[in-house]
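What the coordinates show
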Amino acid sequence: MILGALEAGGTKMVCAIGNERGQVQERISIPTVSPEKTMPEMIAFFRERQIEALGIGCFGPINPVKGTKTYGYITSTPKLAWQNYYIVGVFEKALGCPVGFDTDVNAYMLGEITFGAARGLDSCIYVTIGTGVGVGVYVNGGLLHGMMHPEAGHMLLQRHPADAYGGKCPFHGNCLEGLAAGPAIEERWGAKGIDLAQRREVWELEAFYIAQACVNYTLVYAPRKIILGGGVMHQEQLFPMIRQQYRKLMAGYVNTPELENLESYIVPCSLKDNQGIMGCLQLAVEAQNF
Ligand code: ADP
Ligand code: ZN
């Protein structure tokens, strides 16, 4: 089966050709400019390769809820040229094949569920901590949508008493993204995360916030695993710190076999930055079943 995968990001569009086993044969990257300029380039790439279905994991906010009026649209994104853009409709019309559509981070989640660390599980959470925080949610054997996709990266957190930093999110003073994404680290400490690797207090505070969010994800979604990815999680010393804080904050309230060994419960992503494209291939597979 010849499948198309599109990891649509705010700075680049990664277009790939692959199959239902998650194998990628070809991949190109196109800068994200405007629909007028960028769409024809992507359409030409997929058309020439005669794909049978396309899966799109898209920057957001988007509307991934089938049957609603603006399904398939990029909605209120700060990237103005793409606001209220019917990306799914344009691809469907140009390519004449089924198109699957979800958030970028739900695509990561699907990649890990289908081919990676969460293979075969009925529930899992994928958190990406980079320029922002995105959360993909897989429950009851499917990606979660309600009236929209979850926005669990903006979960409100209890501030650390010693943290005087106001937060980077323009909407919330104390959400996970505003307190713990890469730009918040940089503004709070006056240096990029990568240059703060040796400062233990930076990562203790970071772990305090990420662990709070993870406890909340466990309590709300009851996932069998939590996968943490994104640029900030390249600081591998975070993992043991997060697990330790998680255990402390959970305080023994939930006692499932999964939580006995946090090393296999809170884990790094497993597909070497291919979780997005592989998840998009699976979105293409699933688009054919509808
Ligand atoms: P994006 O979220 O834009 O797709 P990334 O996941 O790479 O991309 O996240 C970029 C953010 O992560 C930046 O704020 C950057 O400072 C931070 N970052 C990237 N690499 C590291 C690292 N090795 N250690 C700490 N922070 C990092
Ligand atoms: Zn926020």
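Everything in this summary refers to the structure shown in the same document. (Residues numbered from 1 in each chain as written. Chains lettered and ligands numbered in written order. Predicted model: local features only at pLDDT ≥ 70, side-chain atom pairs only at ≥ 80, totals over all residues. Heavy atoms only, no water.)

1. Some words on the packing of aromatic side chains
What the rule picks out here adds up to nine aromatic pairs. For the ring pair Phe45 and Phe46, a centre distance of 5.3 Å and an interplane angle of 75° mean the geometry is edge-to-face. By relative accessible area, Phe45 is classed as buried at 5%. In this structure Phe46 comes out as buried when scored by relative accessible area, which is 0%. (Phe/Tyr/Trp six-rings, centres within 6.5 Å; stacked < 30°, edge-to-face > 60°. Buried < 20%, exposed > 50% of the residue type's maximum accessible area, 1.4 Å probe, protein only.)

2. Considering the coordination of the zinc ion (ligand 2)
Only His154 (ND1), Cys169 (SG), His172 (ND1) and Cys175 (SG) from the protein reach the zinc ion (ligand 2) as donors, at distances of 2.1 to 2.4 Å. Here the zinc ion (ligand 2) is ringed by four donor atoms whose angles at the metal span 104 to 114°, and the overall shape comes out tetrahedral. Of the residues examined, His154 reaches a relative accessible area of 19% and is grouped as buried. Among the residues examined, His172 registers a relative accessible area of 28% and is labelled partly exposed. (Donors = N, O, S within 2.8 Å, 3.2 Å for Na, K, Ca; no water. Tetrahedral: all angles 85-135°; square planar, octahedral: opposite > 155°, others 65-115°.)

3. Re the sheet that holds strand β7 (residues 133-139)
With mixed pairing, five strands are arranged side by side in an open sheet as β8-β7-β6-β9-β10. This sheet does not close on itself; its edge strands, each paired only once, are β8 (142-143) and β10 (266-268). Inspection of the sheet shows β7 paired to β8 by two bridges, in the antiparallel sense. Counted as the bridge partner of Val139 is Gly142 from β8. (Pairing = 2+ DSSP bridges. Helix = DSSP H or I, 4+ residues; strand = E, 2+ residues; numbered from the N terminus.)

4. Thoughts on the site of ligand 1
Close to ligand 1 lie Gly130, Thr131, Gly182, Pro183, Gly193, Ile194, Gly230, Gly231, Val232, His234 and Gln235. The contact in question runs from an oxygen atom of ligand 1 to an N or O atom on the side chain of Thr131, over 2.6 Å. Gln235 is positioned with one of its side-chain polar atoms (N or O) 2.8 Å from a nitrogen atom of ligand 1. For ligand 1, whose accessible area on its own is 560 Å², the fraction buried by protein is 63%. Of the residues in the shell around ligand 1, the class split is three nonpolar, eight polar and no charged. (Near = heavy atom within 4 Å. Polar contact = N/O pair within 3.5 Å; in protein donor to acceptor, adjacent residues only side chain to side chain. Areas by Shrake-Rupley, 256 points an atom, 1.4 Å probe, with all protein chains shown as cover. Nonpolar A, V, L, I, M, F, W, Y, C, P; charged D, E, K, R; others polar.)

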